[in-house]
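Residue strings, one per chain:
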Amino acid sequence: MTKPLEVRDTQVNTKVSSKSYALQESAMIKWMLIIISLIYIGLFLILPLLSIFVTAFEKGWETYVASIVHPDALAAIKLTLIVAIIVVPLNAIFGLAAAWAITKFSFKGKNVLITLIDLPFAVSPVIAGLIFILLFGAQGLLGEWLIAHDIKIVFALTGIVLATLFVTFPFVARELIPLMQMQGITEEEASISLGASGWKTFLYVTLPNCKWGLLYGLILCNARTIGEFGAVSVVSGHIRGMTNTMPLHIEILYNEYQFTAAFAVASLMSILAIVTIIIKNIVAWKAKEV
Amino acid sequence: MSIQIQHVTKSFGTFQALKDISIDIESGELIALLGPSGSGKTTLLRILAGLEGLDGGRILFDGEDITNVSPKERKIGFVFQHYALFRHMTVFDNVAYGLKVRPRKIRPSKEEIAKKVHELLSLVKLENFHDRYPSQLSGGQRQRVALARALAVEPKVLLLDEPFGALDAKVRKELRRWLRKLHDEFNVTSIFVTHDQEEALDVANRIIVMNQGKIEQVGTPEEVYDNPKSPFVYDFLGNVNIFKGRLQNGKLKQGLFEINAPHALNSYEEAIGYVRPHDIQIEKEKVNNETVAAKIMYIHVVGPTVQIELKRQDVDEYLEAELTKEQYKTLNIQKGDIVYVRPKQLKVFIPEDFSI
């Protein structure tokens, strides 16, 4: 995972080191390294990406459009977007709260909190999904109580949202913590000493100072939310037109040998991913300017 | 606004930053909190601003207990050591901030705010910089924006944390003069923290010397410089020569060498005499036992003063003397000469003075 700050630093460093005489290599080594990188990226990134689009359009434009406007596909797209609309703002609030707490206050167990925030990165998404099945499933800890009260979590939107939240909550916090740590608390102190309330200080000083980091985190969080497969697969139950998100829908189509349709939806996701990367880079560039 | 600090204590974990501090500050004073790092001066300033809580004691502003009043209601202006300007706001918005964030009822109109900000910016000679960002300003300019921003809220007390610490010598001197002018103009009680004794002596009308969480001495610059109450203050304010010896019958004795110490009446086995370099008299002939032979090691001529480094011939100690250029010319001394040194003014401290 890249953090915008570190990206900024490395960019500065490479700028310096590319001019550094001591780090000059011979032209051969330079070109060899560049070619290795290019081959690698071409083989493992560009080629598969191209093959997605080639396969998607194999049977022509009409089949492509038909695969995407198919009711099940549309339902999957809609569900994916609903999940993103719920998950991303919640993670924004959580990320800001956690980063604020960690960087502006000192309290016991701070390091434990920082470690816990990283936990979803360490745990396999499948396990994350299973946790919710074990908690809320029919045979789960709270299963009977939920059934008695007619609350559906597993195999429903709620479960998908919970699993996605679990997998994606570190993104925003992880972006903001180093940024806010670097910025320190003196600007907030200055704001308070000038008579601003805590809320106004947050609104006028803290938030504008970390807005690019926040946005960057949200973009990464959004990308992961849309693409999450493992955790969602476990809790969703794969009910067509009901609990299938886009990645799950692609898998089902593929398993049914509907390659063109599968790749058509996949190409849609790839476009989303590419747009995300472009926005991400614009944000990173903007953040560097400020 | 007058300030009373009464028995204030503060600890950070096991470190006691302030130990029972009490000071009365009168309205309109310009006070320097002077001390080495770790002496508690910044902590005291932050407690006055309400940025730091205190463990014991209380603080009164104009006789009113404000110990538990939040910083935003204290009517203080705080200038931070590294300015703490809002990096995403222009100079104008920085200065306007304190007025803009006021509750609607007491917030001035947009036009009034703009007028006030431009007034302040012209006062700090930055009218043409109103649309710049802090990162586009020099250190001295940032400091002036920070001052204008603090003054915009019309504070009753101006608190400055090492205001000139990060600036180069020339800008520093200019800003010092300028702070004093500003203080006189606004007639606001001002307290600034510094570790630079020259700065404190130059700017303040009263100096509070702090060391290890305690107040060593409070007084006008002349008082603390000419009449230091403790060895620490003597040492901290300017250069000093040390004469160790036995105190007997109003004389400090060390071997053959005897200096009159008329204020010290009791006898002590161990005492230390402090002499400022400009209170060292150099003579070419030995007159009496009050002088000590020393060899001139180094002569350094800076502007109107001449600094002379001497090595005592009786013990292995160095002395520093400061002469005017005229004295130096009349004396006609050179590097390597043996001369006789006599302290003109000596302040003797006994061991009890050190056990602080």
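Definitions and limits used
Residues numbered from 1 in each chain as written. Chains lettered and ligands numbered in written order. Predicted model: local features only at pLDDT ≥ 70, side-chain atom pairs only at ≥ 80, totals over all residues. Heavy atoms only, no water. Helix = DSSP H or I, 4+ residues; strand = E, 2+ residues; numbered from the N terminus. Buried < 20%, exposed > 50% of the residue type's maximum accessible area, 1.4 Å probe, protein only. Contact = heavy atoms within 4.5 Å. Phe/Tyr/Trp six-rings, centres within 6.5 Å; stacked < 30°, edge-to-face > 60°. Lys NZ or Arg CZ within 6 Å of the ring centre and 35° of its normal. Pairing = 2+ DSSP bridges. Axes fitted to C-alpha atoms, helices over the stretch in contact; angles between N-to-C directions. Core = buried A, V, L, I, M, F, W, Y, C linked by side-chain atoms within 4.5 Å.

How do you make sense of the overall build of chain A when you look at a structure like this?
Within chain A, the regular secondary structure consists of 14 helices and zero strands. Order of helices (α) and strands (β) in chain A, N terminus to C terminus: α-α-α-α-α-α-α-α-α-α-α-α-α-α. Considering only C-alpha atoms, chain A reaches an extent of 60 × 60 × 30 Å along its principal axes. Among the 290 residues that make up chain A, the fraction classed as buried is 41%. Put simply, 73% of the contacts in chain A that link residues at least 6 apart link residues at least 24 apart.

I'm lost on the packing of aromatic side chains in this one. Help?
Each aromatic ring pair is specified by the distance between its two centres and by the angle formed by the two planes. All names here are of chain A. In the structure shown here, the tally under the stated rule is 20 aromatic pairs over all chains. Here the aromatic rings of Tyr40 and Phe44 are separated by 5.0 Å at their centres, their planes lie at 55°, and the arrangement is tilted. Of the two residues, Tyr40 and Phe44 both sit in helix α2 (residues 27-56), four residues apart, roughly one turn of that helix. Take Tyr40 and Phe44: they sit in the same class, and that class is exposed. Each ring, one from Phe166 and one from Phe169, has its centre 6.3 Å from the other, and the planes form 85°; the classification is edge-to-face. Here a set of aromatic residues connected by ring pairs shows up, and it is made of Phe94, Phe132, Phe136, Phe166 and Phe169. Here the guanidinium or amino end of Lys104 rests over the ring plane of Trp100, the centre of that ring lying 5.8 Å away.

Would you mind showing me how to read the sheet that holds strand β7 (residues 157-161) of chain B here?
By definition, the strands of a sheet pair up through backbone hydrogen bonds, in either a parallel or an antiparallel sense. Residue and element names in this part refer to chain B. With mixed pairing, six strands are arranged side by side in an open sheet as β6-β7-β8-β3-β9-β10. The open sheet has two free edges, formed respectively by β6 (76-79) and β10 (214-219), since each of these has just one partner strand. Across the sheet, the mean angle from the axis of one strand to that of its neighbour is 15°, orientation sign disregarded. By the bridge criterion, four bridges tie β6 to β7 in an arrangement that is parallel. Looking at β7, one finds that Gly77 is bridged to Leu158. Lying over the sheet, helix α4 (residues 139-152) contacts β6 and β7, oriented at roughly 170° with respect to β6.

Is there a simple way to think about the pairing of β10 of chain B in this case?
It is a general feature of regular strands that their side chains alternate between the two faces of the sheet. Residue and element names in this part refer to chain B. Relative to β10, strand β9 (residues 206-211) runs antiparallel, the two sharing five bridges. Within β10, the residue paired with Val209 across the bridge is Gln217. Following β9, the chain reverses through two residues before pairing antiparallel with β10; Gln212 in that reversal takes a positive phi of roughly 50°.

Sorry if this is basic, but what is going on with the nonpolar core here?
Soluble, globular proteins show a tendency: their nonpolar side chains are buried together. Val95, Leu147, Leu158, Phe192 and Ile207 of chain B are the most contacted members of the largest nonpolar core, which totals 46 residues. Considering each element in turn, this core owes the most residues, seven residues, to α4 of chain B. Not counting the four nearest positions on each side in its chain, Val95 of chain B is found in contact with Val117, Leu120, Leu121, Val145, Ala148, Arg149 and Ala152 of chain B. Within the second largest apolar cluster, 38 residues are counted, among which are Ala190 and Val205 of chain A together with Leu18 and Phe78 of chain B.

How should I be thinking about unusual backbone geometry in this particular structure?
Residue and element names in this part refer to chain B. Phi is positive for Asp20, close to 50°, though the residue is something other than glycine. Positionally, Asp20 belongs in strand β2 (residues 15-25). The phi torsion at Asn187 lies on the positive side, around 50°, for a residue other than glycine. With respect to the helices, strands and loops of the structure, Asn187 is situated in the loop between α5 (169-186) and β8 (189-194). Note on Asn187: relative accessible area 55%, which makes it exposed.

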